[in-house]
Amino acid sequence: MKQERINYTQVVWTITRLLQDAESLEDALRTSLGEVVRAVGAEAGTIWFYNSNGDKRIYPSFWIGGADLTGLSLAAGEGIAGMVVQEGKTTVVKDCQKDERWAGRFDETTGFVTRSMVCVPLINKYEVIGCIQIINKKDGSLYNDDDVELCENLAMLTAIAIDDKGLNLGFVKEKKTILSLQNVTKTYGSGETAIKILKGVNLEVQEGEFLVILGESGC
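As the structure is a computational prediction, the values presented were derived from the model and not from experiment.

Another point: the overall build of the protein. Scanning the protein from N- to C-terminus turns up five helices and eight strands. In the protein, the succession of helices and strands from N to C terminus is α-α-β-β-β-α-β-α-β-β-α-β-β. Looking at the 219 residues of the protein, the share that counts as buried comes to 38%. Restricting the contact set of the protein to residue pairs at least 6 apart, pairs at least 24 apart contribute 55%. In the form shown here, the protein has an accessible surface area of approximately 13,100 Å², with 49% of it arising from carbon and sulfur atoms.

Here's what the structure looks like:
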């Protein structure tokens, strides 16, 4: 245990240097996440960020190992990650498959089997901005207090680096919808001579947008 503590201290120093000296914070975050995943002997790790100014969902922005999470997201409060973002508290789960909080649809979608995890909140000066998940120890053992402390150190250093350097997460601020059309149809005539002009049109116009609708005749 003493040797493990020494190794973990070295990992924290490595992460600190990576994030402080990074020209690209994105690359440094991926590398730092990989350092922790390797140090604790995990299969995978994910950094999630909360879109607090938009759709109120959390998105996987960086991941190491495991499944491809492209296009997936969670509502705040959904799943273990969503709950950690909502409550701002570290959570250790011994068996995700038996935990009622687990969003099993992720494993169903990706084919990856999530067994155990540590999930820690990312907290800046004012609010929870996301969380970090470390998933499945390769040897099948459970996460101990030292593993959890290392994950919390990564979360703390990540939040500090984001406060200091900033990070463009690609979230678009949600705009007010002023006009919405859903499955609109329009048919001229009837029977064999009927001409369907609109075939299930869906459209949302948001505040501040400039919209032109141009017909085939140019009108």
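From this point, things continue past the structure.
One open sheet holds the six strands; their spatial order is β3-β2-β1-β6-β5-β4, and the pairing between them is antiparallel. The open sheet has two edge strands with one neighbour each: β3 (74-75) and β4 (91-93).

Another aspect to go through is helix α3 (residues 79-87). Along α3, seven of the nine residues are buried, which leaves the element largely enclosed by surrounding structure. Every buried residue of α3 is listed here: G79, I80, A81, G82, M83, V84 and V85. Of the residues trailing α3, G88 is marked for its positive phi of about 70°.

Our focus in this paragraph is a nonpolar patch on the surface. Taken together, the side chains of Y188, I195, I197 and L198 present a nonpolar region at the surface, about 380 Å² in accessible area. In terms of residues, the nonpolar patch owes the most to one element, strand β8 (residues 195-206), which gives three residues. Looking at the element boundaries, L198 is found in strand β8. Exposure remark for L198: the relative accessible area of 32% places this residue in the partly exposed category.

Quick look at the nonpolar core now. L19, I47, F49, I132 and I134 are the most contacted members of the largest nonpolar core, which has 32 residues in total. Of all the secondary-structure elements, those providing two or more residues to this core are α1 (2-21), α2 (25-40), β1 (42-50), β5 (117-123), β6 (128-137) and α5 (145-165). Per element, the largest residue contribution to this core is eight residues, and it comes from α5. Dropping the residues within four chain positions of it, I47 is found in contact with L29, L33, Y59, P60, S61, F62, L122, C131 and I132. Grouped together as the second largest cluster of nonpolar side chains are 24 residues, A44, V93, C96 and C131 included.

This part is about empty space enclosed by the protein. Going through the model one piece at a time under the given rule, you end up with one cavity of 30 Å³ or more. By volume, the largest cavity is sized at about 190 Å³. Along the walls of the largest cavity sit 23 residues, with L69, W102, F106, Q133 and I135 positioned nearest its centre. Counting residues per element, the lining of the largest cavity draws most heavily on β1, at four residues. For the lining of the largest cavity, the class distribution of residues is 14 nonpolar, eight polar and one charged.

Viewed as axis vectors pointing N to C, α2 and α5 meet at an angle of 175°, and their least axial separation amounts to 10 Å. Compared by their axis directions, α2 and α5 come out roughly antiparallel. Between α2, through L25, L29, S32, L33, V36, A39 and V40, and α5, the contact on the second element is made entirely by D147, L150, C151, L154, T158, A161, I162 and K165.

Moving on: the pattern of salt bridges. Under the counting rule described, the total for this entry stands at six salt bridges. D27 is paired through a salt bridge with R30; the nearest N and O atoms lie 3.4 Å apart. Residue D27 and its partner R30 are located together in helix α2, separated by three residues, close to a single helical turn. A relative accessible area of 46% places D27 in the partly exposed class. The partly exposed category is assigned to R30, whose relative accessible area is 38%.

Conventions and cut-offs
- Sequence order sets the numbering: in each chain, residues are counted from 1 along the sequence as written.
- Only residues with pLDDT of at least 70 get local features here, since the model is predicted, and only at 80 or more are side-chain atom pairs given and counted; chain-wide, interface and lining totals rely on the full set of residues.
- The side-chain numbers reported here are obtained from all heavy atoms of the structure, hydrogens and water having been left aside.
- A run of H or I in DSSP becomes a helix once it reaches four residues, and a run of E becomes a strand once it reaches two; helices and strands are each numbered from the N terminus.
- Three labels apply to residues, based on accessible area from a 1.4 Å probe with only protein chains included: buried if under 20% of the type maximum, exposed if over 50%, partly exposed otherwise in between.
- In this analysis, two residues are considered to be in contact whenever any of their non-hydrogen atoms come within 4.5 Å of each other.
- The protein chains shown are the only cover counted for residues, whose accessible areas, like all others here, come from Shrake-Rupley with a 1.4 Å probe.
- Note on pairing: DSSP must find at least two bridges between two strands before they are called paired.
- Patch building starts from residues that exceed 30% relative accessible area and form no salt bridge, then joins like charges within 9 Å and nonpolar side chains (Val, Leu, Ile, Met, Phe, Trp, Tyr) within 5 Å.
- Definition used for salt bridges: Asp or Glu carboxyl oxygen within 4 Å of a side-chain nitrogen of Lys or Arg.
- In these notes, a set of buried Ala, Val, Leu, Ile, Met, Phe, Trp, Tyr and Cys residues joined through side-chain atoms within 4.5 Å is what counts as a nonpolar core.
- Definitions used throughout: a 1 Å grid over protein atoms alone; a cavity as a set of points that fits a 1.4 Å probe which cannot get out; a pocket as an open set with protein on both sides within 12 Å along at least five of seven lines; a lining residue as one with an atom within 4 Å of a point.
- Grid points are joined across faces, edges and corners, and a volume is the space filled by probe spheres set on the points.
- Polar here means any residue other than Ala, Val, Leu, Ile, Met, Phe, Trp, Tyr, Cys and Pro, which are nonpolar, and Asp, Glu, Lys and Arg, which are charged; Gly is therefore polar.
- Lines are fitted to the C-alpha atoms to define the axes, a helix being fitted only along its stretch in contact, and any angle between axes, read from their N-to-C directions, falls within 0 to 180 degrees.
- By the definition adopted for this analysis, an angle is roughly parallel if under 35 degrees, roughly antiparallel if over 145, roughly perpendicular if from 65 to 115, and oblique otherwise.

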